[in-house]
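Fold and geometry: a report
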Amino acid sequence: MSTPPAAVLDGQHPAELRKAARALLKEPLLLAHGPHADDFRLVRRHASELREWFDRNTGWSLQVDAEAARLRKIPGALTGPTHPARDVSRTGAPFTRRRYVLLCLALAALERGEAQIALGRLADQVVLDAADPRLAAAGIHFTLDRRDERLDLAAVVRLLLKLGVLRRVAGDEEAYVSGAGDVLYDVERRVLAGLLATRRGPSTVRADGLDERLAELVAETALDSDDLRFRAMRRSLTRRLLDDPVLYYDELNDAELAYLTRQRGFITARITELTGLVAEVRAEGIAMVDPDDDLTDVRMPEQGTHGHITLLLAEHLAAVHGPVAAAGLRQKVRELAAEHGGFWAKSAKEPGSEGELVEQALAKLSALGLVARRGDEAVPRPALARYAVGETVVIDSRTPGTTRMPQQRKANPQ
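Read on for an overview of the structure. (Residues numbered from 1 in each chain as written. Predicted model: local features only at pLDDT ≥ 70, side-chain atom pairs only at ≥ 80, totals over all residues. Heavy atoms only, no water.)

What follows deals with the packing of helix H3 (residues 47–58) against helix H11 (residues 226–243). Viewed as axis vectors pointing N to C, H3 and H11 meet at an angle of 110°, and their least axial separation amounts to 7 Å. Put simply, H3 runs roughly perpendicular to H11. Contacts from Trp53, Asp55, Arg56, Asn57 and Thr58 of H3 reach H11 at Arg234, Arg235, Thr238, Arg239 and Leu242. A per-class count over the contact of H3 with H11 returns two nonpolar, three polar and five charged. (Axes fitted to C-alpha atoms, helices over the stretch in contact; angles between N-to-C directions. Helix = DSSP H or I, 4+ residues; strand = E, 2+ residues; numbered from the N terminus. Parallel < 35°, antiparallel > 145°, perpendicular 65-115°, else oblique. Contact = heavy atoms within 4.5 Å. Nonpolar A, V, L, I, M, F, W, Y, C, P; charged D, E, K, R; others polar.)

Okay, here's the thing in structure tokens:
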């Protein structure tokens, strides 16, 4: 006897909902056209359920229209520097402060502009806006006369092209950088309008310091009852479990830790039901592990010279106790080069290259929650113990059913 069509559809629904949720966690901005068009259609089909789940459990809002689906994600930790915007070219270089400022100025100019704009015209508007005395007082100056400044603007434009804010009509950015030509773009205003992920307009923020301004941008309504405070904690903890490789207990305040201790099973079960992530509960914290190894923007181990060096340094750091100075890690790379250099790219064995190699390795380990950066030192975190050679898992008698040395899920995109 064949299965009734209604039963087939009922069986497909949870799988489709999970696939749609995972698509949004990987790409919080999905467009109706382009490489993620199938995911967009799936999200649009299940928009109502997804909107309700994310609002209830994370406080993230989901906006879906005929052109785009935008999950406005607010990170659990506002000041984390480990997942920067990156150049979409092959280098993948993280955005500098100057590029972030250019990005904001470019978005402001596009918001005021027409449906089409030339890159040269966008550059002129950016230069005019950068002349604001308040920007000058902050040490920000742009003329875009220099090649390095034009390269920065081109990197910003490439990011906006990837996000779907711009569509190239004619020309290319390299011609603009070299001064040999211009580029014309269509401006996708619906996508542009959905980029800002805040609970209030930036112009309404009155705080002076960066941390205080960020907090005001995403602050929830007045938490004047226990129910509202518990809801805010549930949302914040769920955001961190979804976004961070490891949620360490020592990063929580007393109220958050007490709430998580009581509600851990409920929170993790809700995440597993929607996303398929599986909770790894350990003595030092919780990681939501992805069996499919798909919800990540940083992978380890990774092939190639940089991946090998990162893994070797992880093994080294897992065997030490306490902070390790960057100078010591640079010396370790020199020692590793003598032992493993035959497998590395030639550039990695050149004198002086160890500084960049250590920095790249620490950036990845930090993004994965395996080390903490404190000035010029790297501090191993408990999850790093999984990379220790010859270590055994130790049952932690203080917390029945948990072990030391948590296994981490790799970090999700912000």
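The discussion continues.
On to helix H5 (residues 119–130). A rise of 1.5 Å per residue sets the reference length of H5, with its 12 residues, at 16 Å; its end C-alpha atoms lie 16 Å apart and thus fit the reference within 8%. Residues Leu119, Gly120, Leu122, Ala123, Gln125, Val126 and Ala130 constitute the buried set of H5. Among the structural elements, helix H4 (97–112), strand E4 (116–118), helix H6 (133–137), helix H7 (147–163), helix H8 (173–178) and strand E6 (184–187) are those in contact with the buried residues of H5. (Expected span 1.5 Å × (residues − 1). Buried < 20%, exposed > 50% of the residue type's maximum accessible area, 1.4 Å probe, protein only.)

Our focus in this paragraph is the sheet that holds E4. Spatial ordering of the open sheet is given by E4-E6-E5, a layout of three strands whose pairing is antiparallel. What marks the edges here is a single partner per strand, and that holds for E4 and strand E5 (166–170). This sheet shows a mean twist of 35° between the axes of neighbouring strands, independent of strand direction. Where E5 meets E6, four bridges bridge the pair, whose relative direction is antiparallel. Residue pairing in the sheet places Arg167 in a bridge with Asp186 of E6. Relative to E5, H7 is tilted by about 110°, and along the sheet it contacts E5 and E6. (Pairing = 2+ DSSP bridges.)

With 16 residues, H4 extends 23 Å from end C-alpha to end C-alpha; this agrees with the ideal 22 Å at 1.5 Å per step. When we look at burial in H4, the residues that qualify are Arg99, Val101, Leu102, Leu103, Leu105, Ala106, Ala109 and Leu110.

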